[in-house]
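In case you want the letters, here they are:
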Amino acid sequence: MASECADYIFYGGSIITMEEGKPSVEALAVKGTIILAVGKRDEVFALAGPLTEFVHLNDRQTLLPGFIEPHSHAVLMASLKTRFVKIDGYDHHSYAEIKLLMENKIASLDPTAKPLPWALFFGWDSELIPDLPFLSKDVLNDFSTEIPICVIGQSGHVAWVNQKAFEIAGVDDSTEDPSGFVKDENGHLTGQLFEVPAMKKVLGSSPQPKADEMKMAVEEQWRDYASRGFTTVTDLLFCMKSDDTEETNVALNILKRVSESQFCPVRLALYRALDASGIKQGNCHHDSRPFFYLYSTDLSTAGGKIQPTFTPNDNLWIAGVKVISDGSPHCGTAAIKDPYLESNLTKILGFPPAPNYGKMNYSDNKLKEMVSFFHQQGTQIAVHAHGERAIDQVIEAYDKVLDKSCKDPNPLRHRIEHLGLCTVEQIEQAAKLNLALSFFVAHLYFYGKTYTEHIFGPERTNRWTPLSAATKVGLRWSIHQDHATFPGPPLPFANIKTAVTRTQRDDKEKVYGPEYRVTIHEAMKAVTIDAAWQIHKDDCLGSLKEGKKADLVIVSDNPYKVNPFKLEDIEILDTYMNGRRTKCNLTT
């Protein structure tokens, strides 16, 4: 019967399933949104009917599961399109180029308009553009004293503003809370802002995008993801009040509308952000008010189980919560064991004064309290931790909460994110708890050289994200690019190449920690089936198996057969989500 016939049959090339028991097959059939069959060509062809479309892979092409980005900021990526001018080191190469962009943007704004427009720039990166100057309030005042200006560093953990931005935000030299407002030896604001609380306090005064602008930006960003082979992405810092609904939260309302469209090209898993309310440790004092629209972390008054505040669907759901335990290596705030190097570059980047060990955002007790609360709620937790001190703290918090007597002490698949300076010993500890690790190995793609020469030195750079150590102890791990903090567009094969070769993009001779390289199969699992496992979707996504969602990508070559340094040359030819072609746009 026609109802039992396949809509599509793929054949005539490599079909890699990411299923260990059946790693490759000759043909694959799709019916509606589901994979109908995988197997030998004759068996699958028997499911053809008069309306079946045959997709020949031209011998050299390869069919794979749709890629999954397990750690990104997809909503921020869309938001940046509406308000910010990109000045990243991927598309730009000199200060002269960036200065002209900034001048032109500022000149286009009307200082008499109400509300006053802001000049917003994202991606300042002295590591990739060496001639960028030391940035400060005074430097930005030279661009304009009438238009508020904000420049956010590529890491997303540091920013600089001019005097006008401070004035509009009501911030002056007497402002002490949050502590991210950097001051000079005389107590005057320098214009530098560390971490989200300080940036939010200033940028919260800037005009927000209109709903129709944001919807267009989301659709554009989702098309871009599909064009690069992604069928599932994440937002690891989604902002909602605990009482928000899809009607009251503008971003959520837009995401719901896009996700419910028949032309939606990607799925989106949301991790709701947690604040750092009232945390005080050393010189780190966060705003006593929530700095995002977040879950409150006043857990003593949180009451019963926090319920989802919108109805999820197949393309949009809340996967868990996100905690940021330390900062970024790019601005010297990741909490590390030994101090950062002191160099001219770290001064230009605005690192805190030497000896600098970064900073922890939470006390041990506070982090344990949050982990315990959401674990008991049955909610998956993802914790950002780059430096060794932060990773120790997170493992300790999980260790005190998880039941190590169980066969699987971590059924919720609680996660640690980034793990830049993670040690082999820490990975062994994580294995005892069966933690889900998501590595930001792609730092090496852009920053291996600057890390070695200016920030960490060779030993620490060489052990950056020691992937093979996680494989050896049997952990399931993923890799990510953490957009928008990764310069340039989403590049899945650049990420895979970095995991396999551990080289910088323009230098294949220098290998950073060769003992931590992984095989192409391990890297492919990290962006397909193991990434699906981390977001609790391995039952329906991440591999090509009968009954799973028909999320597929066709690429120009077999990644298992090409030279690892040629992985980036592989083209994305077509993407299917739920059995429908999505690579081109939302409306065809």
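Residues numbered from 1 in each chain as written. Predicted model: local features only at pLDDT ≥ 70, side-chain atom pairs only at ≥ 80, totals over all residues. Heavy atoms only, no water.

Student: In this structure, what is going on with the packing of helix α2 (residues 74–83) against helix α7 (residues 211–227)? I would like to understand it.
Tutor: Pairs of packed helices are described in terms of their axes, by the angle between the two and the distance that separates them. Axis separation between α2 and α7 bottoms out at 8 Å; the angle between their running directions is 120 degrees. By the angle between their axes, α2 is oblique relative to α7. α7 is crossed by α2, and the crossing has right-handed handedness. Residues Ala74, Val75, Met77, Ala78, Ser79, Lys81 and Thr82 of α2 form the contact with α7, whose own contacting residues are Glu213, Met214, Ala217, Val218, Glu220, Gln221, Trp222 and Tyr225. For the contact of α2 with α7, a count of residues per class yields nine nonpolar, three polar and three charged. (Axes fitted to C-alpha atoms, helices over the stretch in contact; angles between N-to-C directions. Helix = DSSP H or I, 4+ residues; strand = E, 2+ residues; numbered from the N terminus. Parallel < 35°, antiparallel > 145°, perpendicular 65-115°, else oblique. Left-handed = near helix turned anticlockwise from the far one by under 90°. Contact = heavy atoms within 4.5 Å. Nonpolar A, V, L, I, M, F, W, Y, C, P; charged D, E, K, R; others polar.)

Student: I would appreciate a short explanation of the sheet that holds strand β8 (residues 119–124) in the present structure.
Tutor: Remark on secondary structure: sheet strands pair via backbone hydrogen bonds, oriented parallel or antiparallel. The mixed open sheet is built from six strands, whose spatial order is β7-β8-β9-β10-β12-β11. Each edge of the open sheet is held by one strand with a lone partner, namely β7 (85–86) and β11 (181–183). By the bridge criterion, two bridges tie β11 to strand β12 (residues 189–194) in an arrangement that is antiparallel. Within β12, the residue paired with Phe181 across the bridge is Leu193. Sheet strands in contact with helix α6 (residues 195–203) are β8, β9 (149–153), β10 (158–161), β11 and β12, and its direction is about 120 degrees off that of β12. (Pairing = 2+ DSSP bridges.)

Student: How should helix α12 (residues 424–432) be read in this particular structure?
Tutor: Residue pairs three or four apart in sequence face the same way in an α-helix, which turns once every 3.6 residues. Every buried residue of α12 is listed here: Gln426, Ile427 and Ala430. Across the axial projection of α12, the buried residues extend over an arc of 100 degrees, all falling on one side. Away from the buried face of α12 by more than 90 degrees, exposed residues Glu425 and Lys432 are located. Those residues of α12 that are buried are in contact with α11 (388–401), β20 (436–439) and α15 (467–472). At the C-terminal side of α12, Asn434 shows a positive phi close to 55 degrees. (Buried < 20%, exposed > 50% of the residue type's maximum accessible area, 1.4 Å probe, protein only. Arc of directions from axis to C-beta.)

Student: Just checking my understanding: could you explain the sheet that holds strand β17 (residues 316–324) for this structure?
Tutor: The strand order across the open sheet built from eight strands is β6-β13-β14-β17-β18-β19-β20-β21, with neighbouring strands paired in parallel fashion. Every interior strand has two partners, whereas the edge strands, β6 (67–68) and β21 (477–479), have only one. Running at roughly 85 degrees to strand β13 (residues 230–238), α2 makes contact with β13 and β14 (267–273) of the sheet. Of the strands in this sheet, β13, β14 and β17 are in contact with helix α8 (residues 250–259), which crosses β17 at around 140 degrees.

Student: Sorry if this is basic, but what is going on with unusual backbone geometry here?
Tutor: Peptide bonds are, in most cases, trans, and in most cases residues other than glycine have a negative phi. A cis amide bond links Lys114 with the next residue in sequence, Pro115, at an omega value of 0 degrees. For Pro115, the location among the structural elements is in the loop between α3 (95–107) and β8. Across the junction of His483 and Ala484, the peptide omega takes the value 20 degrees, indicating a cis bond. Mapped onto the secondary structure, Ala484 falls in the loop between β21 and α16 (492–501). At Met18, a position not held by glycine, the phi torsion is positive, near 65 degrees. Look at Arg413: it is not a glycine, yet its phi comes out positive at around 60 degrees. By the secondary structure assignment, Arg413 is in the loop between α11 and β19 (415–418). The buried category is assigned to Arg413, whose relative accessible area is 17%.

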